[in-house]
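If you want the building blocks of each chain, they are given just below.
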Amino acid sequence: MTGAGTASADDPVVAASPSPDLPPDVSPAPPVSPVTAALDLRLPDPGLDEAVRVGLGHVEHRLLEAVTQADRLADDASRHLVVAGGKRVRPMLTLIAGHLGDPGRPEIVEAGVAVELTHLATLYHDDVMDSAPVRRGAPSAHAVWGNTVAILTGDLLFARASLVVAGLGVEAVRLQAATFERLCLGQLHETVGAGPDDDPVEHYLQVLADKTGSLISTSARFGAMFAGCAPEVLDVVAAYGERVGVAFQLADDLIDLASDGATSGKTPGTDLREHVPTLPVLLLRRHVARTGDEESRELLAVLDGDLADDAVLAGAVARLAVHPATAQARDEAVRWARDAVAALDPLPTSPAQDALRAYADAVVARTA
């Protein structure tokens, strides 16, 4: 399950599908595509691939406009993560889903901006809660300005996302509100943890569905909705988006164990250090409970202990990365991606459907 290589500067220019019209006060942006490079993804249809790249350039331009603040501190803090880059997987999915209908509608670009702003806002809050020192290869906002400024900046970005969504109509506002509710519930349930009667693995997967799957699902639904697709198509892409969102987060957890930080944009082992449960650790814990394996029990004791020392953390990351629990977690990520692709079966074959399949494949191919 791999995606084709990303385009180089020497690739021939192909005829693109019509890109969304821009509002009159927005100047054209260069056709950059942060996400295609991040996912190592070239969409199967050359015209659709080029159109999505151009669309992402417009999203990036509008994103910078949307985070601009009159106040200097607010402006610097709001731009911090935008200029640091990012995979832009959510607006990319919005643009791809738009090709299930009329991809030329300008609302699709605005919807892509809204979902990315929402995602950025959650990152400011998450980094405070997780005490993450690095995000997207740069110091996290709370490491630069402190927790209070980082939290308030996240709130500012939520407000800007709401302003963009308000321009898209009542149904978009309703969907954004429902998504925001799930984001908050997912964070709440992650913070509190599984109850005594809850299965920790099932609890974790539900947290991922709420914290990550819900917004990726909304990203896909927005694209199809503003492209004029029928309600049954919206339901299909929403189901696809939630499943691919869970697969995406499972893959990110695995990358954190296998990367040097350049891939994930975070310090490797941050979740382990902060004792944030991830699927490899939960599966390791289940393995110890079921088998009593002494080597695994000793590794679990290290993971449950003090990981403040960089050398101790690096050793724990290396040991967990090669444990069978991590391979089992990788299989689970692949299963969620395959379930996402299966959800597309009701849709007729089209370049857009092929692109959605390639997108799901690329999400888990990052863990290879």
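Located above this text is the structure these notes cover.
Here the structure is a predicted model, which means the values were calculated and not measured. (Residues numbered from 1 in each chain as written. Predicted model: local features only at pLDDT ≥ 70, side-chain atom pairs only at ≥ 80, totals over all residues. Heavy atoms only, no water.)

## Overview of the overall build of the protein chain
Counting secondary structure elements, the protein chain contains 16 helices and two strands. Scored against the burial criterion, the 368 residues of the protein chain give a buried share of 52%. Only carbon and sulfur atoms are counted for the fraction: they give 56% of the accessible area of the protein chain, which is about 15,400 Å². (Helix = DSSP H or I, 4+ residues; strand = E, 2+ residues; numbered from the N terminus. Buried < 20%, exposed > 50% of the residue type's maximum accessible area, 1.4 Å probe, protein only. Areas by Shrake-Rupley, 256 points an atom, 1.4 Å probe, with all protein chains shown as cover.)

## Overview of helix α4 (residues 89-98)
Taken across its ten residues, α4 has ten buried, putting it largely inside the fold. For α4, the complete set of buried residues consists of V89, R90, P91, M92, L93, T94, L95, I96, A97 and G98.

## Focus: the packing of aromatic side chains
Inspection of the entire model under this criterion finds two aromatic pairs. When the ring of F158 is compared with that of F180, the centres are 4.6 Å apart and the planes differ by 45°; the resulting orientation is tilted. In this pair, F158 is assigned in helix α7 (residues 147-166) and F180 in helix α8 (residues 170-192), connecting sequence segments 22 residues apart. Residue class for F158 comes out buried when judged on its relative accessible area of 13%. With a centroid separation of 5.7 Å and 40° between ring planes, the pair formed by F222 and F226 is classed as tilted. Taken together, the positions of F222 and F226, both in helix α9 (residues 200-226) and four residues apart, correspond to about one turn of that helix. The exposure class of F222 is buried, given its relative accessible area of 0%. (Phe/Tyr/Trp six-rings, centres within 6.5 Å; stacked < 30°, edge-to-face > 60°.)

## Details of the environment of V312
Tracing the backbone shows V312 in helix α14 (residues 310-321). Overall, V312 belongs to the partly exposed group, its relative accessible area being 37%. Residues V312 and V302, spaced ten residues apart in sequence, show a C-alpha to C-alpha distance of 8.4 Å. Leave out the neighbours within four places in its chain, and V312 touches V302, D306 and L307. (Contact = heavy atoms within 4.5 Å.)

## Looking at a nonpolar patch on the surface
Together, L185, L188 and V192 line one region of the surface with nonpolar side chains, adding up to about 270 Å² of accessible area. By secondary structure assignment, the location of V192 is in helix α8. Classification of V192 by relative accessible area gives exposed; the value is 63%. (Patch = residues over 30% accessible without salt bridge, like charges linked within 9 Å, V, L, I, M, F, W, Y side chains within 5 Å. Salt bridge = Lys/Arg side-chain N within 4 Å of Asp/Glu carboxyl O.)

## Digging into the pattern of salt bridges
Taken as a whole and judged by the stated rule, the model has 23 salt bridges. The closest approach of N and O atoms between R42 and D49, which form a salt bridge, is 2.7 Å. Classification of R42 as partly exposed rests on a relative accessible area of 21%. Of the charged contacts in the structure, one is a salt bridge between R62 and E65, with a shortest N-O distance of 3.2 Å.

Fair warning: the whole summary comes from geometry, so function is off the table for now.
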